[in-house]
Structure formats: structure tokens, C-alpha cells
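Coordinate inspection notes
Here's the letter readout for the chains.
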Amino acid sequence: MTLRELLDVLPLTNLGNESDLEKTPKGGYVGDLLSNVMRFAKEGNIWITVQTHINVIAVATLIGVSCVIFPCGVKPPEETIAKAKEEHIAILSTELDAFTLCGKIYELGIR
Amino acid sequence: MREIDRDFYNLLKLPVTLIMNANMPKVLPDRKVFQVREILKINQLDGVAITDEDGRLVGIVTMYDLLKAIEEDKRDAFVEDIMTKNVVTLSPSHTLADAIEYFRVYGYGRFPVVDGARVFLGMVTPLDIVIRLPILKEEREEIKEGRGEATKVIRLEFSVEGGDFINGGEASSKIKRYLQNLGLSKDIIKRVAVASYEMEMNIVIHAYRGKLIVEISSDKIIIKAIDEGPGIEDVDKAIQPGYSTASPKVRELGFGAGMGLPNIISCSDEFDIKSNVGVGTEVTSIIYIK
């Protein structure tokens, strides 16, 4: 399942490049402590976080996550979106809370 | 893409520091024109960087400049008075592709490579690119296949500014990209990425400024962070998970959870930390390639 297909079935909003939605995510991780995410998130993961500052994209790039999703209606600042587009990291937001979002993603077979 | 095209494309993404000539004589501004001409002649160079006592670039001078000065009876003049002062420079973060673009755009015969403090690191000429490119290709393959000599080391160096959360992580991203181009395994790249990111962010969070240095040889990668900063009072405490001296402001951003140093340790085959209170801290992580 690609990110684009995920977008079709879940209430997600794409904030980044359209072209970055072709990736197929593998598993996911939820975390707001960047060192914890650095250590435990894996390449291809969906990363769910309420941290929105620009350094989030550096972490996302270093791990090689497939996308970053901001839950609970959290909106990142413009510079974070710009950096994500530049680094070709898919960046999405949703009104769902992190727990519900994880459950729905897991149900869709991304694990 | 054909294999050979992809290979060439990857080479273009390598840092310019691998192409530059780093073994250049250092010439001080108070050397005389005729002396500099001798230095160039002996070293078979067409141009040279003029640097101050601290190795910072102050200008460049070419053989043409020197011969012209001698023709004008200025053989006893200081080289400082005839050198080009407004020099277009490259930095270690520039790639080979950038260098080629510079030659095309500016039309100059050489570009000095300087770090953030304008310290001269080496010179790039089109000839360096022509001569070094095939060697670089071989070195890359040797590292990939692990048959390089143990003495061959690639060194990358980055300046990191304290408090710069915007660019924090840039150096680590460049290091990661570089290792990907070398074709190293994902596990190694991940461990280097974690260690270098934590070291880089430690400088951003805690220090005034610092350097992140990576040395890649055929059997190991050494990552070093050397900073000027307040230093660490109790190093034993600092390496314990959960211990942090970061401010509440920094913690709100998701840093300073006291996991940085433990993360580095868990990624490293060898780890060392030295700190002088009021001076700075030096962290070393060594990751074995095999």
C-alpha cells in the first residue's frame, strides 16, 4: 500500500510534494523525543509526532522514514514543510489522535 | 540508467575535499615576489594560496601574476601587494558537481577550499579533477569491497554552530549521503547517522561552536565531535540514560531527554568522551565496518 492509497482511505491531508506519495511505508513509529526516535524508528517507517520544528525533517531524512504524520490537528510551520519538500520527505497531517491513527494504519496491514 | 552513467553521477556528488590538492605549500603575505616564484617553480604549481599565520586564506597568486610583477621590476615587492584578494572560494560542503559549475560560471583556473573560519584546506584546478577522478573511483570501489589499504583515510569535516537548531542535522545528513554513495551497508549507515546526529545536536544544544569530523578507512569509521563550550562537570553522570542538563525550552522541542550519549554508546564499537569544564568536550565514536 502506497502513501497515496493511505490518503484515499484515511482522513489525512497532504502538506508536501504530490510526487513523494508513491512510497510504500513499512511499519511505523510514534515518538516526540528525537533521540528515542533516532534510535528506534526504522527506514521506511511512518513517523507520527507532534514535534513540528524543522529539525524533525533532519531526523526523518537521517532515518529514511517514508513519511511524517502530525496527529491531533497539529500544523507544522512553513519552514518545516519547505524543508520536507526539499528533502522529499512526505509530510501529512490529520485531526485523528495518535492512538486512533496508529490503530487504523495497523488495521490496513502496515506493520 | 546505464551502470557507468550512474557511477559517474554518484562521483559528482562526492565532496570537493576529495578532489582538491591538500598538499600545497603555505605562503605568507610578507614573502617577496621572487621567493614565491621559486616556491611555485620548485613545486611545479601555477598558483598558490596566500595564508596568514593561522592558515586563513587572505588571497591567491598565480604564476602569471608573479611573472608580470617581475617584468614590472617588482620582484622585491611583497606578494600581498600583487595577490588577488577577493577570491571566490569553495567550502567542504560543496560537491564535485558544484566545483565543475564554478569553473564553468566564473571561468577561473582554480578555487581554494576553505572551512567556516576561512582556514585554507586545499586548492581545486580542472587538472585535479581530471587526474583525481579515476583514482577516486578506485578508492570508492576499494572501500565498497573492503580491500583498501588500512592507511587510506577519507576525512570529512563540518563546522557546527551552537544554538543553530535550523541547520542542526545538516552535517549528519551530508555524512549519511556520502556513506550511501560509498555503498556501505544500511546497518553501518544507520549507526553512523545516529551517532553523528546525536553528536551534532549536542554541539547545537550545549556548546558555543564545534566541529564534526568523520574519518572513513577500509575497516572503520571514526566520528569525532570537538566543541568549545561549557564542558561537562560529571561525565559519568552525563552518559547515564535520562540525565540531561538541557533547558526546559530545548526539552519542549524534543531534545535533551538524556538519551543522546547513551544512543551514541549503543551505536559504537568504541566510545570515548573527554571534557574540560569551561573549555569544551570531545566525543569519539568508532564503528567497525566488518
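Residues numbered from 1 in each chain as written. Chains lettered and ligands numbered in written order. Predicted model: local features only at pLDDT ≥ 70, side-chain atom pairs only at ≥ 80, totals over all residues. Heavy atoms only, no water.

1. Here's the deal with the domain arrangement of chain B
Note: interface size is frequently given as the accessible area lost on complex formation between the parts. Residue and element names in this part refer to chain B. The domain boundaries assigned to chain B delineate domain 1 (3-129) and domain 2 (147-288). Each of domain 1 and domain 2 has a C-alpha centre, and the two are 31 Å apart. Interface of domain 1 and domain 2: buried area, both sides summed, is about 630 Å²; carbon and sulfur atoms make up 60% of it. At the boundary of domain 1 with domain 2, the tally comes to zero salt bridges. At the boundary of domain 1 with domain 2, the tally comes to zero residue pairs in polar contact (both at pLDDT 80 or more). Counted by class, the side of domain 1 that touches domain 2 contains four nonpolar, three polar and two charged residues. (Domains from an automatic or database assignment. Buried area = accessible area lost by both parts, 1.4 Å probe. Salt bridge = Lys/Arg side-chain N within 4 Å of Asp/Glu carboxyl O. Polar contact = N/O pair within 3.5 Å; in protein donor to acceptor, adjacent residues only side chain to side chain. Nonpolar A, V, L, I, M, F, W, Y, C, P; charged D, E, K, R; others polar.)

2. Quick word on the interface of chain B and chain A
Contact residues are listed per partner, giving 25 residues for chain B and 21 residues for chain A. Overall, the association of chain B and chain A removes approximately 1,800 Å² of surface from exposure, summing both partners, and the carbon and sulfur fraction of that is 53%. Run the count over chain B and chain A and you get three salt bridges. Glu43 of chain A is the salt-bridge partner of Lys186 of chain B, the closest N and O atoms lying 3.6 Å from each other. Across the chain B-chain A interface, the total number found is 15 residue pairs in polar contact (both at pLDDT 80 or more). Elements that contribute at least two residues to the side of chain B that touches chain A include exactly helix 6 (170-182), helix 7 (186-206) and helix 10 (260-267) of chain B. At seven residues, the largest contribution of residues to the side of chain B that touches chain A is made by helix 7 of chain B. (Contact = heavy atoms within 4.5 Å. Helix = DSSP H or I, 4+ residues; strand = E, 2+ residues; numbered from the N terminus.)

3. Notes on the pattern of salt bridges
Tallying each qualifying case throughout the model produces 22 salt bridges over all chains. Of the charged contacts, one joins Arg177 of chain B and Glu87 of chain A as a salt bridge, the two residues approaching to 3.7 Å between their closest N and O atoms. Taken together, the positions of Arg177 of chain B in helix 6 and Glu87 of chain A in helix 4 (residues 78-87) put the pair across two chains. We classify Arg177 of chain B as partly exposed; its relative accessible area is 40%. The closest approach of N and O atoms between Asp272 of chain B and Lys274 of chain B, which form a salt bridge, is 3.1 Å. (Buried < 20%, exposed > 50% of the residue type's maximum accessible area, 1.4 Å probe, protein only.)

4. Notes on unusual backbone geometry
Of note in the backbone geometry, Cys72 of chain A takes a positive phi value of approximately 55 degrees without being a glycine. Structurally, Cys72 of chain A is set in the loop between strand 4 (67-70) and helix 4. Phi angles above zero are rare outside glycine, and Arg118 of chain B is one such case at about 65 degrees.

5. Side note on the nonpolar core
All names here are of chain B. Leu179 and Ile221 are the most contacted members of the largest nonpolar core, which totals 79 residues. Contact partners of Ile221, with chain neighbours within four places excluded, come to Leu179, Leu184, Ile188, Val192, Val214, Glu215, Ile216, Ser285, Ile286, Ile287 and Ile289. Val36, Val48, Met63 and Met123 belong to the second-largest nonpolar core, a separate cluster that totals 23 residues. (Core = buried A, V, L, I, M, F, W, Y, C linked by side-chain atoms within 4.5 Å.)

6. Here we look at the packing of helix 6 of chain B against helix 7 of chain B
Residue and element names in this part refer to chain B. The interhelical angle for the contact between helix 6 and helix 7, taken along N-to-C directions, is 160 degrees, at an axis separation of 8 Å. Overall, the two elements helix 6 and helix 7 adopt an arrangement that is roughly antiparallel. When you trace helix 6 past helix 7, the crossing you get is right-handed. Residues Glu170, Ala171, Ser172, Ile175, Lys176, Leu179 and Gln180 of helix 6 form the contact with helix 7, whose own contacting residues are Ile189, Val192, Ser196, Tyr197 and Glu200. Residue composition of the contact of helix 6 with helix 7, grouped by class: six nonpolar, three polar and three charged. (Axes fitted to C-alpha atoms, helices over the stretch in contact; angles between N-to-C directions. Parallel < 35°, antiparallel > 145°, perpendicular 65-115°, else oblique. Left-handed = near helix turned anticlockwise from the far one by under 90°.)

7. What about the sheet that holds strand 5 (residues 154-161) of chain B?
All names here are of chain B. The sheet built from five strands is open, its strands ordered 5-6-7-9-8 with antiparallel pairing. Of all the strands in the sheet, just strand 5 and strand 8 (270-276) have a single pairing partner and so form its edges. For this sheet, the mean inter-axis angle between neighbouring strands, taken without regard to orientation, is 10 degrees. Direction of pairing for strand 7 (residues 220-228) relative to strand 9 (residues 280-288): antiparallel, over a ladder of seven bridges. Its bridge partner lying in strand 9, Ile222 is registered against Ile286. Across the sheet, helix 6 touches strand 5, strand 6 (209-216) and strand 7, and the angle it forms with strand 6 is around 10 degrees. Along the sheet face, helix 7 touches strand 5, strand 6, strand 7 and strand 9 and points at about 5 degrees away from the line of strand 7. (Pairing = 2+ DSSP bridges.)

8. Brief notes about empty space enclosed by the protein
Using the criterion set out here, one finds three cavities of 30 Å³ or more in the structure. Its volume calculated, the largest cavity comes out at about 80 Å³. For the largest cavity, the lining is made up of 13 residues, of which Ala58, Lys83 and Glu87 of chain A together with Glu170 and Ser173 of chain B are closest to its centre. For the lining of the largest cavity, the secondary-structure elements that each account for two or more residues are helix 3 (55-63) and helix 4 of chain A together with helix 6 of chain B. Split by residue class, the lining of the largest cavity holds four nonpolar, five polar and four charged. (1 Å grid on protein atoms, 1.4 Å probe; cavity = no way out; pocket = protein on both sides within 12 Å on 5 of 7 lines; lining within 4 Å. Points joined across faces, edges and corners; volume = space filled by probe spheres on them.)

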